[in-house]
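Per-entry structural report
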2 protein chains.
Amino acid sequence: MYKILIADDEQKIREVIREYAEYEGHEVFEAVDGMQAVEMAKEQDFDIIILDIMMPRLDGFSACKEIRKIKDTPIIMLSARSEEYDKLFGFEMGVDDYVVKPFSPKEVLARINAIIKRNRSAGEAAGETVKFEGLEINFTARDVIIDGEKANLTPKEYDLLFYLVKNKNIALTRNRLLEEVWGYDFFGDDRTIDTHIKMLRNNLGPYRKFIVTLRGMGYKFEV
Amino acid sequence: MYKILIADDEQKIREVIREYAEYEGHEVFEAVDGMQAVEMAKEQDFDIIILDIMMPRLDGFSACKEIRKIKDTPIIMLSARSEEYDKLFGFEMGVDDYVVKPFSPKEVLARINAIIKRNRSAGEAAGETVKFEGLEINFTARDVIIDGEKANLTPKEYDLLFYLVKNKNIALTRNRLLEEVWGYDFFGDDRTIDTHIKMLRNNLGPYRKFIVTLRGMGYKFEV
DNA sequence: GTTTAATATGACAAGTGTGTGACAAATCTG
DNA sequence: CAGATTTGTCACACACTTGTCATATTAAAC
């Protein structure tokens, strides 16, 4: 859960970001202009601050400059124009990222997450998650979520699935799978793979469709 | 060139978006209600889908939910009035962006471009695809696409086609094909090749023309 | 235009690869 | 150490693939 400050004079912009952010479990504060944003930033610690450039009383750049005097809070700028000099100017003042209007709320949230993740690199490991429809895979956490429910895979099933997914859309021979998933020192039967593919498929439920058989070759995770 | 689906019961809306989008070189498909949109989304892959919220038979949100079950196509929602922002809970269902009516077609197109660009950058792990007219061949994924539809080839057919294509515009003798595709230890009939060429040609549909017979010699993939 | 040789095609039987359930060996866990 | 889980092997069934052959069609040579 992050503490987010969004400063924009347009209510619509603030609201749409608030909705997205709150849905993701963050706490959102609003400021209607640069001056108010600076005041709020002085009073409390935010995880991230989003500033529109064009604001009454105090514009985004000036607000950024003010805030930087006292805090290192990551700042994202919203700009209506995409002119390059704006960007260069902004980065010199310690802006962490830019979003040019029109933007999608999803994009803003994605950038928020990216920046906070980047800045807290000292702390917890975030863990990369990939998602294919209702199938979510987190490599570092080593878990697989199917339609919201955690799947219960055996170690080999994890290994096999992870290797398939990391090489998605690539045709993998049985030999390659044996070498990479089982190890070069495995001297077993080819058909071992079939059995594990079978069990993996059973565990993936509707998403077994992603694992396609390449007759005479091996398998492929196809998206 | 993107493939765009616009679902709205108002013909005017569909038309104005179509005009702009086609002007930018995109391909536009129309649906008059949510139900039709879902059906179309199931049948083909769009680069983006635009859904009006208020539609007969199936509203935009429900349509979005349905589509999300099977596809990750980016979705933009159109809402009739800004008051509807209050009711917007679309982000729960993976809506990528909203546009509030009245909107300018230009704005919609700008958002389409922004979203597709963002989604494209996600980076697909797919090998290089070679394309000859409507015949696409991806060696690493080991698949062959004919006019947008995946072809279903047997192992030998893949091997044979891949060898021909990798040596395109080169005359290949039967002996060479036997050695390279079947293996040096194959002691069968020459004419076996003919049969496989036949089946390959049948599977390539209109693109059988690329495989030319060199009488008294062998075959060639000619482009 | 006829002959001759090579290729295309359809049918088919033998061969091969894969999905699956069962089971025993191996490994993990308390 | 016992019980549970995981893992590898096997055998069977079935569907698909493959090579061969006989016949039809086509192209080149005379």
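Note that the structure is a prediction, hence the values are computed from the model and not measured. Here, residues in each chain are numbered from 1, in the same order as that chain's written sequence. In the order they appear in the text, chains get letters beginning with A and ligands get numbers beginning with 1. Residue-level local features of this predicted model are given only where pLDDT is at least 70; pairs of side-chain atoms are given and counted only at 80 or more, and the full residue set underlies all totals for whole chains, interfaces and linings.

**Considering the pairing of strand β12 (residues 218–221) of chain B**
Residue and element names in this part refer to chain B.
- Both strand β10 (residues 172–173) and β12 contribute to a ladder of 2 bridges, which runs antiparallel. Looking at the pairing, Leu-172 lines up with Tyr-219 of β12.
- By the bridge criterion, 4 bridges tie strand β11 (residues 211–214) to β12 in an arrangement that is antiparallel. Opposite Thr-213, over in β12, you have Tyr-219 as the bridge partner.
- Hairpin geometry of β11 and β12 is characterised by an intervening segment of 3 residues between the two adjacent antiparallel strands and by a positive phi of about 80° at Gly-216. Any two strands between which DSSP finds at least two bridges are classified as paired. Strands here mean DSSP runs of E at least two residues long; helices mean DSSP runs of H or I at least four residues long; both are numbered from the N terminus.

**Some words on the protein's contact with DNA strand C**
- Here, nearness is defined through the C-beta atom: a residue counts as near a molecule or strand if that backbone-placed atom lies within 6 Å of it. In the vicinity of DNA strand C there are 19 residues, among which A:Asp194, A:Thr213, B:Asp194, B:Lys198 and B:Thr213 approach most closely.
- When residues in the surface near DNA strand C are grouped by element, the largest group, 6 residues, is from helix α8 (residues 191–204) of chain A.
- Asp, Glu, Lys and Arg are counted as charged, while Ala, Val, Leu, Ile, Met, Phe, Trp, Tyr, Cys and Pro are counted as nonpolar; the rest, among them Gly, fall into the polar class. Split by residue class, the surface near DNA strand C holds 4 nonpolar, 6 polar and 9 charged.

**Description of helix α2 (residues 34–43) of chain B**
Residues and elements named next belong to chain B.
- With C-beta atoms placed from the backbone, the exposure class of a residue follows from how many other C-beta atoms lie within 10 Å of its own: 20 or more, buried; 12 or fewer, exposed; in between, partly exposed. All buried positions along α2 are accounted for by Gly-34, Ala-37, Val-38 and Ala-41. One face of α2 carries all of its buried residues, which in axial projection span an arc of 100°. Along α2, the residues that are exposed and aim more than 90 degrees away from the buried face are Glu-39 and Glu-43.
- Looking at the buried residues of α2, the elements they touch are β1 (3–7), β2 (27–31), β3 (48–52) and α3 (60–70). When we speak of the arc, we mean the arc of directions from the helix axis to the C-beta atoms. A pair of residues counts as a contact when their C-beta atoms, built from backbone coordinates, are within 7 Å of each other.

**Thoughts on the sheet that holds strand β9 (residues 149–150) of chain A**
- Here 4 strands make up an open sheet; going across it, the order is β6-β7-β8-β9 (chain A) and the pairing antiparallel. A strand with exactly one partner marks an edge of an open sheet, and here the two such strands are β6 (129–132) and β9 of chain A.

**A short note on the pairing of strand β2 (residues 27–31) of chain A**
Residues and elements named next belong to chain A.
- Here 5 bridges tie strand β1 (residues 3–7) to β2, and the two strands are oriented parallel to one another. Its bridge partner lying in β2, Ala-7 is registered against Ala-31.
- When the strands point away from the viewer, a crossover counts as right-handed if the path from the first strand over the helix to the second runs clockwise. You can see the chain leave β1, run along helix α1 (residues 11–23) and come back into β2, and the turn it takes is right-handed.

**Topic: α8(A)**
Residue and element names in this part refer to chain A.
- With 14 residues, α8 ought to run about 20 Å at 1.5 Å a step, and its terminal C-alpha atoms sit 20 Å apart, in line with that.
- When we look at burial in α8, the residues that qualify are Ile-193, Ile-197 and Leu-200. Along α8, the residues classed as buried sweep out an arc of 65° about the axis, all on the same side. Facing away from the buried side of α8, by more than 90 degrees, are the exposed residues Arg-191, Thr-195, Lys-198 and Asn-202.
- Along its buried surface, α8 packs onto α6 (155–166), α7 (174–182), β11 (211–214) and β12 (218–221). The span you would expect from a helix comes to 1.5 Å times its residue count less one.

**What to know about the protein's contact with DNA strand D**
- Near DNA strand D, the surroundings consist of 23 residues, among which A:Thr154, A:Gly188, B:Thr154, B:Lys156 and B:Gly188 are the closest.
- When contributions to the surface near DNA strand D are tallied by element, the ones reaching two or more residues are α6 and α8 of chain A together with α5 (155–166) and α7 (192–204) of chain B.
- Partitioning the surface near DNA strand D into residue classes produces 4 nonpolar, 9 polar and 10 charged.

In short, shape yes, function no, at least from these values alone.
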